[in-house]
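Here is what each chain is made of, one letter per residue.
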Amino acid sequence: MNLKNQFEQLCSLFTEDQKLINSLWKEIETRYSEKGRHYHNLLHLENMFKELEAVRNTISDFTALSFSVFYHDIIYDATSKANEEKSAAKAEKRLAELHMHQDIISIISAQILATKSHQSSDDEDTNYLLDADLSVLGKDFKTYSEYTQNIRKEYSIYPDFLYKPGRKKVLKHFLELESIFKTEYFKKRYEVQAKENIAAELQLL
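Computed from a predicted structure; not experimentally measured. (Residues numbered from 1 in each chain as written. Predicted model: local features only at pLDDT ≥ 70, side-chain atom pairs only at ≥ 80, totals over all residues. Heavy atoms only, no water.)

## Brief notes about the nonpolar core
Grouped together as the largest cluster of nonpolar side chains are 55 residues, with contacts concentrated most on Phe7, Leu52, Phe67, Phe70, Tyr71, Leu95 and Leu137. Among residues more than four places away in sequence, those in contact with phenylalanine 7 are Ile21, Leu24, Trp25, Ile28, Phe67, Phe70 and Tyr71. (Core = buried A, V, L, I, M, F, W, Y, C linked by side-chain atoms within 4.5 Å. Buried < 20%, exposed > 50% of the residue type's maximum accessible area, 1.4 Å probe, protein only. Contact = heavy atoms within 4.5 Å.)

## Notes on helix H5 (residues 83-97)
Taking 1.5 Å per residue as the helical rise, H5 with its 15 residues ought to reach 21 Å, and the 21 Å between its terminal C-alpha atoms agrees with that figure. Burial in H5 covers these residues: Asn83, Glu84, Ser87, Ala88, Lys90, Ala91, Arg94 and Leu95. Viewed end-on, H5 has its buried residues packed into an arc of 165°, placing them on one side of the element. Contact partners of the buried residues in H5: helix H2 (18-32), helix H4 (62-71) and helix H6 (102-114). Histidine 99, located one to two residues past H5, shows a positive phi value of around 60°. (Helix = DSSP H or I, 4+ residues; strand = E, 2+ residues; numbered from the N terminus. Expected span 1.5 Å × (residues − 1). Arc of directions from axis to C-beta.)

## So, the packing of helix H3 (residues 42-53) against helix H7 (residues 124-134)
At a closest axis distance of 9 Å, the pairing of H3 and H7 adopts a crossing angle of 125°. In this view, H3 runs oblique relative to H7, as classed from their interaxial angle. Handedness of the H3/H7 crossing: right-handed. In this structure, H3 uses His44, Met48, Glu51 and Leu52 to contact H7, whose residues at the interface are Tyr128, Leu129, Ala132 and Asp133. Per-class residue counts for the contact of H3 with H7 are 5 nonpolar, 1 polar and 2 charged. (Axes fitted to C-alpha atoms, helices over the stretch in contact; angles between N-to-C directions. Parallel < 35°, antiparallel > 145°, perpendicular 65-115°, else oblique. Left-handed = near helix turned anticlockwise from the far one by under 90°. Nonpolar A, V, L, I, M, F, W, Y, C, P; charged D, E, K, R; others polar.)

Next up, the structure:
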């Protein structure tokens, strides 16, 4: 199922207002297709859903988690340090328009905010979101290299002497985490490769 159909199905659980659903989808599509997005785009969302499909049965609220995927990078500006906060705020506003219960909105907002620091959460669904978000780190090195090139393009306004120290800091942060992946499934699948990929990238920087 494509992203648009998936999003429409999710929204239809909360509203029959087709016009509203269309406008919410249009906004997501437009935001994730912005000119500067080489990695944080619709393909990133597709890949996350592919990863999550494999563990769908272990996720307690797949509906909430799906909304978190759709909205977690809706605001993305390489020069901003508040993308996650702005994305969470945007999600809260839009989901309120669907008349979603405030409790669910709060869960989604918290999940989006968790993608900022990628710390292990008491909420296992949040851990699945974080792991799907970072799954590219554990792919084969060719895929990983494409990802790093796309990230570099997103930060193209920064010259190397600014970009490289910043990138190194991010990568070292990942290596300093007790483990990059929080759930058993993703840890088994990607942890070893992710550490190898990151170490290799650090060598190249």
